[in-house]
Amino acid sequence: MSQKIYKVPEDFAALAHLRQADYQRLYQESVRDPNSFWARIGRRLDWIQPFAKVKDTSFDEHDFRIRWYYDGKLNVAANCLDRHLTKRGDKTAIIWEGDDPKLSEHITYRQLYERVCQCANALKSLGVKKGDRVTIYMPMIPEAAVAMLACARIGAIHSVVFGGFSADSLAGRIADCGSSVVITADEGIRGGKRIPLKTNVDLALTMPNTDCVKHVLVARRTGIRVPMYAARDRWFDDVVNSQPKECAPEVMDAEDPLFILYTSGSTGKPKGVLHTSGGYLVYAAMTHELVFDLREDDIFWCTADVGWVTGHSYVVYGPLANGATTVMFEGVPNYPDCGRFWQAVDKHKVTLFYTAPTAIRALMREGEEPVKEWSRSSLRLLGTVGEPINPEAWEWYHRVVGDGRCPVVDTWWQTETGGILISPLPGAIDQKPGSATLPFFGVKPAIVDNEGNTLEGACEGNLILTDSWPGQMRTVFGDHQRFIDTYFKTFPGRYFTGDGARRDEDGYYWITGRVDDVLNVAGHRLGTAEIESAMVAHPSVAEAAAVGYPHDIKGQGIYVYVTLIADAQPSEALRTELRDWVRKEISPIATPDLIQWAPGLPKTRSGKIMRRILRKIAANEHDQLGDISTLADPSVVENLVRERMNRP
Ligand code: WTA
């Protein structure tokens, strides 16, 4: 672990929203008297009916409730658009940067407002009402943000599905929430490669339980010819452009749902994480302002796709609620070359830049040249999110990308948390490379051992949260019991994050990664159970076990042990076929890196696969297997060690 401390730069602190003493004072206040603290913060939004009640939460299984600002009424889209029009009507809301570096577009708050109203009216004309679900399966084009905000405006619940997911994954997500409309594009384009979005939608809608979908809106991105089914499909522009540019915002209760976002857990199929309106927006806006030390003239660029929670909170909702200029990037870090990020930073004079460690590590491997070609002089703060950042990558980001001038905020949070929970506040908290540092206001982390005993002082164990914060998810769509079972049963009465963490002598948190069966591959969350169930759906596969192993660029790679059915023969061709199979079943992001043929898997006498052993073998730590005497057949381990795929 790095022991180095990077002090808050004095010149940065001088202009920052909060300094060291402010953090201590406000943090104490936020946990001592959350009601009055969050009441004050809640007033940053425009309420149609102001709230009088603030926090009503209990993680006790028998008295479970999470409600914030619960007698208030508001509209999220009106908070992101309408209230900025008088002062910021001509300010750029979205800078769209295309996959092709020659393409970009500026959209002002007024233009975005009109576009969102038109799209909202279009959805209404298709019969979409408050509470209905709308699936958004789009590339990173402005229409994606327009569609999200249009749903928010009329009170429909959006479910954005990442454009990299397969037709199968899309179908499952459509069926689970019963969407009546799908908004998509003809094709996506990323890194010069085309993604057949409309074709995937067509295929998805032939799959079971997707007949809830009555309409498909198709935005034109590449202009390719795609089949349009007359009764169901309409061009986005045809339906939207003719609509009036005003649409009264629906009056929503603070606790009315805003969106569903599917995410992987340790078991079963992905869960529909449900976020509501008031608390979520308060929390996204406030963290966006303070963690990134936002100023009026900042150009904020979060490189995430809107298909992930980072894109929801820090491309769309947080920045727009704050009246900021947000960059929406269609491309990838290494196309057309490895200077792509920094070229676009210079082009748009980006001041605040937020990306994932996996991108930093990949660019680091290409050396300093592609960075140094660009000035990057507009940058004043750098951020990371999505997975632990190794100190070496942190230092490189700070020294090379930030020229040693810019604070780095390593922000820890989850789809479930709605916004950042542990992070430096750049003017207030000294940084240590590799540490997410200290909790945000109102956040009460603790570390417990496997029996649930709270550990004090410097320690390592399971990361939990002992109290609620406004951005917390409220339920799993359609399965409230699963919500309680997943997060509040392991350590009763407390929220279990699924992450391990260490706390040092200064009270700083160091996230060590998932302690459950969730993988984090290049910042993308995947469940081992999903990969296994895709694998065993292949006719030649009898059984499969997926684990993560340390990977230099991606953080974790995917290692799958496969037992074939009796008449299937292992071969290189079959290996390739199985990799392609999983890509097609789930997504290219779930492609196994290594597949090992396993005549047998290590199981206990009761038939449970001992993943601990499989993880050790995949990590080349087969000299540390621990006790294997409880296995039904210890000899399978010898074979797996001998045949392992990940020899250094
Ligand atoms: C991991 C992404 C270390 C963690 C916002 C968490 C991190 C999971 C960090 C959530 C960080 C996210 N340091 N680990 N700064 N940020 N993680 O739901 O394991 O896609 O539980 O949300 O990513 O991933 P998700």
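From a predicted model like this one, the values you see are computed outputs, not experimental measurements.

J.: I tried to follow the overall build of the chain on my own but got confused; where do I start?
T.: Looking only at helices and strands, the chain has 21 helices and 31 strands in total. Each principal axis of the C-alpha atoms in the chain carries an extent, and together these give about 75 × 65 × 60 Å. Here the chain holds 648 residues, and 63% of them are scored as buried. The contacts in the chain between residues at least 6 apart in sequence include a share of 72% that link residues at least 24 apart. For the chain, the exposed area adds up to about 24100 Å²; of that, 50% sits on carbon and sulfur atoms.

J.: Sorry if this is basic, but what is going on with the sheet that holds strand β4 (residues 92–97) here?
T.: Strand pairing in a sheet relies on backbone hydrogen bonds. The paired strands run either parallel or antiparallel. Reading across from one edge, β5-β4-β17-β16-β18-β19-β20 is the order of the 7 strands in this open sheet, with mixed pairing throughout. Here the strands that pair on one side only, and so sit at the sheet edges, are β5 (104–108) and β20 (408–411). Strand-to-strand twist of the sheet, defined as the mean angle between neighbouring strand axes without regard to direction, takes the value 20°. Here strand β16 (residues 299–302) pairs with strand β17 (residues 325–329) via 3 bridges, running parallel. Opposite Trp301, over in β17, you have Val327 as the bridge partner. Sheet contacts for helix α12 (residues 309–321): β4, β16, β17, β18 (352–355) and β19 (381–385); angle to β17, the most-contacted strand, approximately 150°. Across the face of the sheet, helix α13 (residues 340–348) comes into contact with β4, β5, β16, β17 and β18 while running at roughly 145° to β4.

J.: I would appreciate a short explanation of the UniProt feature "binding site: CoA" (unreviewed entry) in the chain in the present structure.
T.: Taking the UniProt record as the reference, the feature "binding site: CoA" (unreviewed entry) is found at Arg190, Gly191, Gly192, Lys193, Thr310, Asn334 and Arg583. Separation in sequence by 394 residues is matched in space for these annotated residues, since their most distant C-alpha atoms are 23.6 Å apart. Tracing the backbone shows Lys193 in strand β10 (residues 193–195). On the secondary structure map, Asn334 appears in the loop between β17 and α13.

J.: Can you help me understand the pairing of strand β8 (residues 181–185) in this one?
T.: Every regular strand shows the same layout, with side chains that alternate between the two sheet faces. The buried fraction of β8 amounts to 5 of the 5 residues, a majority that puts the element mostly inside the structure. Here β8 shows no split at all, with Val181, Ile183 and Ala185 on one side and Val182 and Thr184 on the other all buried. Examined bridge by bridge, strand β6 (residues 133–137) and β8 share 4 bridges and lie parallel to one another. Bridge pairing links Val134 to Val181 in β8. Summarising the sheet, β8 and strand β11 (residues 215–219) pair through 5 bridges and their orientation is parallel. If you follow Val181 over to β11, its bridge partner there is His215.

J.: Looking at this structure, how should I read unusual backbone geometry?
T.: A negative phi angle characterises most non-glycine residues, just as the trans form characterises most peptide bonds. For the bond running from Tyr335 to Pro336, omega is -5°, close enough to zero to count as cis. Relative to the elements of secondary structure, Pro336 occurs in the loop between β17 and α13. For Asn620, which is not glycine, the phi torsion reads 65° and is therefore positive.

J.: When you look at helix α8 (residues 167–177) in this model, what are you seeing that I'm missing?
T.: Every buried residue of α8 is accounted for by Ala167, Ser169, Leu170, Ala171, Arg173, Ile174 and Cys177. The inward-facing, buried residues of α8 abut β6, β7 (157–160), β8, α9 (197–204), β14 (257–263) and α19 (572–585).

J.: How do you make sense of the packing of helix α3 (residues 34–42) against helix α11 (residues 278–291) when you look at a structure like this?
T.: The geometry of a pair of packed helices is captured by two quantities: the angle between their axes and the separation between those axes. Where α3 meets α11, the axes come as close as 10 Å, and the angle between the chain directions of the two elements is 80°. Compared by their axis directions, α3 and α11 come out roughly perpendicular. Of the residues in α11, those in contact with Phe37, Trp38, Ile41 and Gly42 of α3 are Val282, Tyr283 and Met286.

Scoring rules and cut-offs
Residues numbered from 1 in each chain as written. Predicted model: local features only at pLDDT ≥ 70, side-chain atom pairs only at ≥ 80, totals over all residues. Heavy atoms only, no water. Helix = DSSP H or I, 4+ residues; strand = E, 2+ residues; numbered from the N terminus. Buried < 20%, exposed > 50% of the residue type's maximum accessible area, 1.4 Å probe, protein only. Contact = heavy atoms within 4.5 Å. Areas by Shrake-Rupley, 256 points an atom, 1.4 Å probe, with all protein chains shown as cover. Pairing = 2+ DSSP bridges. Axes fitted to C-alpha atoms, helices over the stretch in contact; angles between N-to-C directions. UniProt positions renumbered as here; feature names shortened; annotations may be inferred. Parallel < 35°, antiparallel > 145°, perpendicular 65-115°, else oblique.

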